[in-house]
Amino acid sequence: KSSNKLLDQDDIHIGIIGSGLAGLSAALSVLRAFRQKHFQNIDKNSNQTVKKIRITIYERDASQTDRKEGYGMTITYNPDGPLAKLDLLEEVAKIDCPSRC
């Protein structure tokens with residue numbers, strides 16, 4: 001029996017397949033929900049609360065240059081859109097967002 005436990009009973013480990021827009025958005029959303037205490041009682045019959053959360057993102061490509069498709073997108077500046085809800089809109093707009101003009 002090993003005494004080196006990776007996760008305690010009150011921890012959650014989530015695996016996300018793919019590091020594309022959906023996978024990274026899912027990871028950010030889970031982390032935000034955890035920080036805002038939305039994971040207080042996972043099991044309604046228990047008084048346990050989640051103490052730690054660990055997210056692992058699995059990606060088949062070693063780098064962005066491994067595949068030539070799937071990495072381009074057009075982003076429009078939408079204050080009510082998903083990037084705004086993830087608090088990323090202004091940061092993305094600073095890099096490149098021609099529709100903001």
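Keep in mind that this is a model prediction, so the values were computed, not measured. (Residues numbered from 1 in each chain as written. Predicted model: local features only at pLDDT ≥ 70, side-chain atom pairs only at ≥ 80, totals over all residues. Heavy atoms only, no water.)

A. A look at the overall build of the protein chain. Secondary structure assignment for the protein chain yields 3 helices and 2 strands. Here the analysis covers contacts within the protein chain between residues at least 6 apart in sequence; of these, 52% occur between residues at least 24 apart. Counting only carbon and sulfur atoms, one obtains 52% of the accessible surface of the protein chain, whose full area is about 8,300 Å². (Helix = DSSP H or I, 4+ residues; strand = E, 2+ residues; numbered from the N terminus. Contact = heavy atoms within 4.5 Å. Areas by Shrake-Rupley, 256 points an atom, 1.4 Å probe, with all protein chains shown as cover.)

B. Spotlight on the environment of threonine 56. Relative to the assigned elements, threonine 56 resides in strand β2 (residues 52-58). Since its relative accessible area comes to 23%, threonine 56 is described here as partly exposed. Sequence separation between threonine 56 and glycine 15 is 41 residues, and the spatial gap between their C-alpha atoms is 4.9 Å. (Buried < 20%, exposed > 50% of the residue type's maximum accessible area, 1.4 Å probe, protein only.)

C. Looking closely at the environment of tyrosine 77. Relative to the assigned elements, tyrosine 77 resides in the loop between β2 and α2 (82-85). For tyrosine 77, a relative accessible area of 24% puts it in the partly exposed group. Sequence-wise, tyrosine 77 and leucine 89 are 12 residues apart; in three dimensions their C-alpha atoms are separated by 7.3 Å.

D. View of unusual backbone geometry. The residue aspartate 87 is not glycine, and still its phi comes out positive at about 60 degrees. The residue aspartate 87 is located in the loop between α2 and α3 (89-95) in this model. Classification of aspartate 87 as exposed rests on a relative accessible area of 59%.

E. Fine view of the environment of isoleucine 16. With respect to the helices, strands and loops of the structure, isoleucine 16 is situated in strand β1 (residues 11-17). Look at isoleucine 16 and you get buried, because its relative accessible area is 10%. Along the backbone, isoleucine 16 and tyrosine 58 are 42 residues apart, and their C-alpha atoms lie at a distance of 6.1 Å.

F. Spatial organisation of helix α1 (residues 21-35). For α1, which comprises 15 residues, the first-to-last C-alpha distance of 21 Å matches the rise-based estimate of 21 Å (1.5 Å per residue) to within 8%. Of the residues making up α1, those classed as buried are Gly23, Ser25, Ala27, Val30, Ala33 and Phe34. Residues of α1 that are buried make contact with β1 and β2. Two residues or fewer after α1 comes lysine 37, characterised by a positive phi angle close to 65 degrees. (Expected span 1.5 Å × (residues − 1).)

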